Amino acid sequence: MLSNPVVISIIVLLALSLLRINVIIALVIAALTAGFIGDLGLTKTIETFTGGLGGGAEVAMNYAMLGAFAIAISKSGITDLIAYKIIKKMNKTPTAGNLTWFKYFIFAVLALFAISSQNLLPVHIAFIPIVVPPLLSIFNRLKIDRRAVACVLTFGLTATYMLLPVGFGKIFIESVLVKNINQAGATLGLQTNVAQVSLAMLLPVIGMILGLLTAVFITYRKPREYNINVEEPTTKDIEAHIANIKPKQIVASLIAIIATFATQLVTSSTIIGGLIGLIIFALCGIFKLKESNDIFQQGLRLMAMIGFVMIAASGFANVINATTGVTDLVQSLSSGVVQSKGVAALLMLVVGLLVTMGIGSSFSTVPIITSIYVPLCLSFGFSPLATISIVGVAAALGDAGSPASDSTLGPTSGLNMDGKHDHIWDSVVPTFIHYNIPLLVFGWIAAMYL
């Protein structure tokens, strides 16, 4: 396993990222490492990497459009108005106890937003650059540790699709997990359904809930002050600014937001949804048509880093898939070397973690591992529920806590608006610790006792 190109490239990626090397540079170096170890050669590795970049282009365009839409919303003044109302409410109840409860109320609201983004309004991370930035001044006043906020958001983005068969969860559970497990188990007597998958994933998700509670109430409970160099406006300045916000701007913002989300639900395209929102803002006079270039450029500056990370991650995944590393990693488990049921379960989960971090998608991991994992689990005597849990958790591991996952990039896009939230140390490391470790532990317990 330690000579596998996937394992070594993932170690290189994580090591460089933890050393604060730019994630894009780390992804390129990790891709070259995988190519060399996988015997692709320099020329083939570069061709494979560049050939895979197009796979992330759509995601990058989505981020750019979301950035422009977020800038347009901020120009409308609705975010300033919301922040002002919240700050005014805080000033009326300044006691420490009330502010503490208010902090946890904000956490609860953000968690509900993240959970709803996977099912009720399946917009995924599109809400983050719109909802989170105007709250940063409130986070600063409450001295909230943004690492806790990152954990709250990532929990809603990942745990939800693992457990609830609605929206993105319907795709993951029904179209991916159930379909692939039934195909792999057709000749082995294993068939499952949506209800069984949700039941099998319940215990691992409970582990994630404990990780969330640990992050919010223990690890990142203490106040954290951020050194904000920009001088905050006075109360009079804020009130004068709010007074200039016209009802027409608020109405236009609400119409644009609803139209954007509705369009995305109908067309399944964030790009088209964002475009519709920008058009509504322009027609309502929030910004002039000749200013559209500036709006889009500001949006690009806001989201460019994340978009390019997703593009580089797509190239890295292409190199990983071009080597035999993923196949060798999965098939190594069926070599017969491992005899212990407990060790086998742990290794299957760890391999799933490495594969998902390598290819960047839990949805794409299931088809790769299922054909080996299902017969292997049955040969070790795992129950159907335990087998489902192993496959599901092995796929989900690595989504949270990956430098190139949108489950961490999304929260960073909102929390780093003022440059005070580091992607690796404030989003990746906290979510890896609080979610991947509990998933490993509770996934193993589910495998052994279900």
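It should be noted that the structure appears before, not after, this text.
**Quick notes on the overall build of the protein chain**
- Within the protein chain, the regular secondary structure consists of 21 helices and 0 strands.
- Buried positions account for 53% of the 450 residues belonging to the protein chain.
- Considering only intrachain contacts with a sequence separation of at least 6, the fraction spanning at least 24 residues in the protein chain is 80%.
- Carbon and sulfur atoms form 66% of the exposed surface of the protein chain, whose accessible area is close to 19200 Å².

**Digging into the pattern of salt bridges**
- What the rule picks out here adds up to 7 salt bridges.
- Salt-bridge contacts for R20 lead to D422; the nearest nitrogen and oxygen are separated by 3.4 Å. With a gap of 402 residues between them, R20 in the loop between α1 (5-18) and α2 (23-37) and D422 in the loop between α20 (406-415) and α21 (423-449) connect regions that are remote in the sequence.
- Residue E174 is joined to K170 by a salt bridge in which the shortest nitrogen-to-oxygen separation is 2.9 Å. Of this pair, E174 and K170 are both found in helix α10 (residues 168-184), 4 residues apart, which corresponds to roughly one turn of the helix.

**Quick look at the environment of F442**
- Turning to its location among the elements, F442 is positioned in helix α21.
- With residues up to four places along the chain from it excluded, the contact list for F442 reads L203, P204, I206, G207 and L210.

**Considering the environment of L213**
- Counting through the fold element by element, L213 comes out in helix α11 (residues 194-219).
- L213 sits in the partly exposed class, given a relative accessible area of 38%.
- Between the alpha carbons of L213 and H434 there is a distance of 9.2 Å; along the sequence they are 221 residues apart.

**As for a nonpolar patch on the surface**
- On the surface, L199, L202, I206, I209, L210, L213, F217 and I218 cluster together into a nonpolar patch covering about 690 Å² of accessible area.
- Within the secondary structure, I206 sits in helix α11.

**With respect to the nonpolar core**
- Core analysis: the biggest nonpolar cluster contains 110 residues, and L27, L110, F139, M348 and Y373 have the highest contact counts within it.
- Residue contributions to this core peak at 11 residues, all from helix α9 (residues 146-163).
- Sequence-distant contacts of M348, that is, excluding residues within four places in its chain, are made with L333, Y373, L376, C377, F382, I390 and A394.
- Judged by nonpolar contacts, the second largest core, of 20 residues, contains A72, I78, I250 and A256.

**Description of the packing of aromatic side chains**
- All chains considered together, the criterion is met by 6 aromatic pairs.
- A centroid spacing of 6.4 Å and a plane angle of 50 degrees characterise the contact between F380 and F382, whose relative ring orientation is tilted.
- Residue class for F382 comes out buried when judged on its relative accessible area of 4%.
- Just above the ring of Y226 sits the side chain of R146; from NZ or CZ to the centre is 4.4 Å.
- The cationic tip of K341 hangs over the ring face of F382; the distance from NZ or CZ to the ring centre is 5.0 Å.

**Structural notes on helix α17 (residues 341-359)**
- Compared with an ideal rise of 1.5 Å per residue, which puts 19 residues at 27 Å, α17 spans 27 Å between its outermost C-alpha atoms and is within 8% of the ideal.
- Of all the 19 residues making up α17, 14 are buried; the element is thus mostly covered by neighbouring parts of the structure.
- With a side-chain oxygen lying 3.4 Å from the backbone nitrogen of G342, the N-terminal cap of α17 falls on S340.

**Some remarks on the packing of α17 against helix α19 (residues 384-396)**
- The geometry of α17 relative to α19 is characterised by a closest axis approach of 7 Å and an angle of 35 degrees between their N-to-C directions. You can see that α17 and α19 cross each other, and the crossing is right-handed. Residue-level inspection shows A345, M348, L349, G352, L353 and T356 of α17 in contact with α19, the latter providing I390, V393, A394 and A395.

**Some words on the packing of α10 against α19**
- At their nearest, the axes of α10 and α19 sit 11 Å apart, and the two run at 125 degrees to each other. By the criterion of interaxial angle, the relationship of α10 to α19 is oblique. The handedness of the crossing between α10 and α19 comes out as right-handed. Side by side, α10 and α19 meet where F172, L177 and I181 of the first sit next to I388, V391, G392 and A395 of the second.
- When grouped by side-chain class, the residues that make up the contact of α10 with α19 number 6 nonpolar, 1 polar and no charged.

**Let's talk about the side chain of T45**
- Along the chain, T45 turns up in helix α3 (residues 41-52).
- Since its relative accessible area comes to 1%, T45 is described here as buried.

**Observations concerning the environment of A60**
- Looking at the element boundaries, A60 is found in helix α4 (residues 57-76).
- Distance from A60 to L300, taken between C-alpha atoms, is 9.7 Å for residues 240 residues apart in sequence.
- With residues near it in sequence (within four places) discarded, A60 still touches G307 and I311.

**Notes on unusual backbone geometry**
- Backbone geometry places R20, a non-glycine residue, at a positive phi of 70 degrees.
- A positive phi angle is found at K143, which is not glycine, with a value near 55 degrees.
- In this structure, K143 sits in the loop between α8 (136-142) and α9.
- Judged by its relative accessible area of 35%, K143 falls in the partly exposed class.

Reading guide: rules and limits
Residues numbered from 1 in each chain as written. Predicted model: local features only at pLDDT ≥ 70, side-chain atom pairs only at ≥ 80, totals over all residues. Heavy atoms only, no water. Helix = DSSP H or I, 4+ residues; strand = E, 2+ residues; numbered from the N terminus. Buried < 20%, exposed > 50% of the residue type's maximum accessible area, 1.4 Å probe, protein only. Contact = heavy atoms within 4.5 Å. Areas by Shrake-Rupley, 256 points an atom, 1.4 Å probe, with all protein chains shown as cover. Salt bridge = Lys/Arg side-chain N within 4 Å of Asp/Glu carboxyl O. Patch = residues over 30% accessible without salt bridge, like charges linked within 9 Å, V, L, I, M, F, W, Y side chains within 5 Å. Core = buried A, V, L, I, M, F, W, Y, C linked by side-chain atoms within 4.5 Å. Phe/Tyr/Trp six-rings, centres within 6.5 Å; stacked < 30°, edge-to-face > 60°. Lys NZ or Arg CZ within 6 Å of the ring centre and 35° of its normal. Expected span 1.5 Å × (residues − 1). Polar contact = N/O pair within 3.5 Å; in protein donor to acceptor, adjacent residues only side chain to side chain. Axes fitted to C-alpha atoms, helices over the stretch in contact; angles between N-to-C directions. Left-handed = near helix turned anticlockwise from the far one by under 90°. Parallel < 35°, antiparallel > 145°, perpendicular 65-115°, else oblique. Nonpolar A, V, L, I, M, F, W, Y, C, P; charged D, E, K, R; others polar.

These results come straight from atomic positions and should not be treated as a statement about function.
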